[in-house]
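# Observations on the model geometry
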Amino acid sequence: MQGLMMDYPLTTNVILRRAETMYPHREIITRRGDGRLDRSSYGEMARRAKQLALALAALGIGRGDRVATLSWNHAEHQEAYFGIPAAGAVLHTLNLRLPHEEIAYIADHADDRVLIVDECLLDIYDSIRTRVPFEHVVVVRESDAALPEGMIDYEELLAQYDAGDYVDPQLDEREAAAMCYTSGTTGRSKGVVYSHRSTVLHSLALTMADALGVCAADVIVPVVPMFHVNAWGIPYTAAMVGAVQVFPGPRPTPADILELMTSQRATLAAGVPTVWLGMLELLDQAPGKHDLSSVRAIAVGGAASPQRMVESYDRHGVRIVCAWGMTETSPIGTVSILPKELQDADPDVQMQQRLRQGFPVPLVELRARNENGLVPWDGQTMGELEICGPWVASQYYESSDPTAGMAFTDDGWFRTGDIVVIRPDGSMHLQDRAKDVIKSGGEWISSIALEGALMGHDRVAEAAVIAMPDERWGERPLAVVVPRGDTPPTSDELLAMLAEQFPKWWLPEQIVVRKEIPKTSAGKFLKSALREQYTARV
Ligand code: AMP
């Protein structure tokens, strides 16, 4: 017997309609390049998204065609998030921090037909234009300077269409809505294609109390770029529940973000640890000066959160919530909530749980595997994390990379490349990326655990631990630290601190002090660059 419920299509247009009818006056605020705040609304966003959809159709863009964006976080990008899928086309956010050569490869590989680009990023377009045959280039302008020949002014384009003429194309929920390429620290970037259905279900997931609990009372500052896994899905979720969004615009500094969060009475913000470490310095310089009392949580993901950072924010009255995810998982996979059993636990026990990657959100399933098969959930046996769920990729987009197919198991789970332990309560604790793991004498050493401990030292700002080839042990850890303040800690001091927490064979062979650690386009430590530098010296 079949169920007798409606076959209601889960498309981004459903979210758009809701935003338009329920929250026409709820605000979308953008900090412009000159620091000015522009105020728009979901009503205006919906009107302009429909105008964009009509304009794209007039430019010959149809079902499944890719439309790229090369943009910072702002109201026009939010319009593209809805307007492009509303035309039946596919939003393809290009990561402006990648090497231009890689951006050209990605846009070409995805067959992007139209590019929507910020005026301040036209130099990137200039350097890739000969390699990517965009049919139309639409420029979101901030100045009155004349546009180069052949380019279309975004505002002039939209002004030609009346939102009232828009007709919903009645898309199938399995059609593609958006795509995003992995940031690929090794090998070529691979395309992940989100469907309308996965996007809507992922948006719902972010509203769950045990996820980020995004709701109608929220004022959200999405610091995570809109070109990185759809700003973790926040633009869709916020529109679904009518949360105010405050976009930081081009090149936001920690001071800009702090100013926006205090002046706009933010309740929630999201970004990678580097952003929050930067903001922490400002808070520490002037304790009590910045009023963040409106903030209920800062969601931190993309890399492990150092304990010192989480504790310092606690002292400033701001709660950090750690979450784990990947481009391939839309991204929400796990969130580090405190379950009932830990509500009255010792603060140290609670802190350890908060620092882990945490529990899979409903509809996401986890398991881990090593050379002996699936690992027990004992919190000790390490294995590669495998994941499945309705917003997890089932394959990459037309990848010629021979390793692309190996990312999926025979029974269709995605192999994440993260080395984890799963605890008896089902929560996940990430130990390493498979390619960053250190194997010494046949046993794994967690670089993340060592980094967390090193960053716990008062005079260490950043720490990355990498594997160095070693004749006797196979590999041994080498730590690279960036000091905080004028007196860098000595190696002996750091080793003595680590010796209190780790077995002797985990202690780094060498600790190198340097001014900075190279970072990926998403602000994570670029360990491959460190490995190249230090192994070359052996
Ligand atoms: P990306 O696809 O660029 O978002 O990168 C995904 C990778 O970032 C994951 O496979 C993890 O290795 C890492 N990552 C994401 N969230 C966390 C977290 N909370 N803690 C540690 N690593 C994380």
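Residues numbered from 1 in each chain as written. Predicted model: local features only at pLDDT ≥ 70, side-chain atom pairs only at ≥ 80, totals over all residues. Heavy atoms only, no water.

### Digging into the site of the ligand
Close to the ligand lie 15 residues; Ala323, Thr327, Asp418, Arg433 and Lys524 are nearest. Within the complex, 91% of the 500 Å² of free accessible area of the ligand lies under protein. Listing elements by their share of the shell around the ligand, those giving two or more residues are β14 (320–325) and β21 (428–433). For the shell around the ligand, the per-class residue count stands at six nonpolar, six polar and three charged. (Near = heavy atom within 4 Å. Areas by Shrake-Rupley, 256 points an atom, 1.4 Å probe, with all protein chains shown as cover. Helix = DSSP H or I, 4+ residues; strand = E, 2+ residues; numbered from the N terminus. Nonpolar A, V, L, I, M, F, W, Y, C, P; charged D, E, K, R; others polar.)

### Quick word on helix α3 (residues 75–86)
Its twelve residues place the ends of α3 16 Å apart at the C-alpha level, agreeing with the 16 Å of an ideal helix rising 1.5 Å per residue. Most of α3 is tucked away: twelve of the twelve residues are buried. All buried positions along α3 are accounted for by Ala75, Glu76, His77, Gln78, Glu79, Ala80, Tyr81, Phe82, Gly83, Ile84, Pro85 and Ala86. Backbone geometry just downstream of α3 places Gly88 in the positive-phi region, at approximately 85°. (Expected span 1.5 Å × (residues − 1). Buried < 20%, exposed > 50% of the residue type's maximum accessible area, 1.4 Å probe, protein only.)

### What about helix α4 (residues 100–109)?
Among the residues of α4, Glu102, Ile103, Ala104, Ile106, Ala107 and His109 are the ones counted as buried. Of the surrounding secondary structure, the elements contacted by the buried residues of α4 are β4 (90–93), β5 (112–118), α5 (122–128) and β8 (176–181). (Contact = heavy atoms within 4.5 Å.)

### Brief notes about the nonpolar core
A general tendency of soluble globular proteins is for nonpolar side chains to be buried together. With 91 residues, the main nonpolar core has Phe82 and Ile84 as its most contacted residues. Considering every element that reaches this core, the biggest residue donor is helix α2 (residues 42–58), with nine residues. Other than its neighbours up to four places away in sequence, Phe82 contacts Thr12, Ile15, Leu16, Met45, Ala49, Pro235, Tyr236 and Ala239. One finds Val219, Val223, Leu260 and Ile320 within the second-largest nonpolar core, a separate group that totals 29 residues. (Core = buried A, V, L, I, M, F, W, Y, C linked by side-chain atoms within 4.5 Å.)

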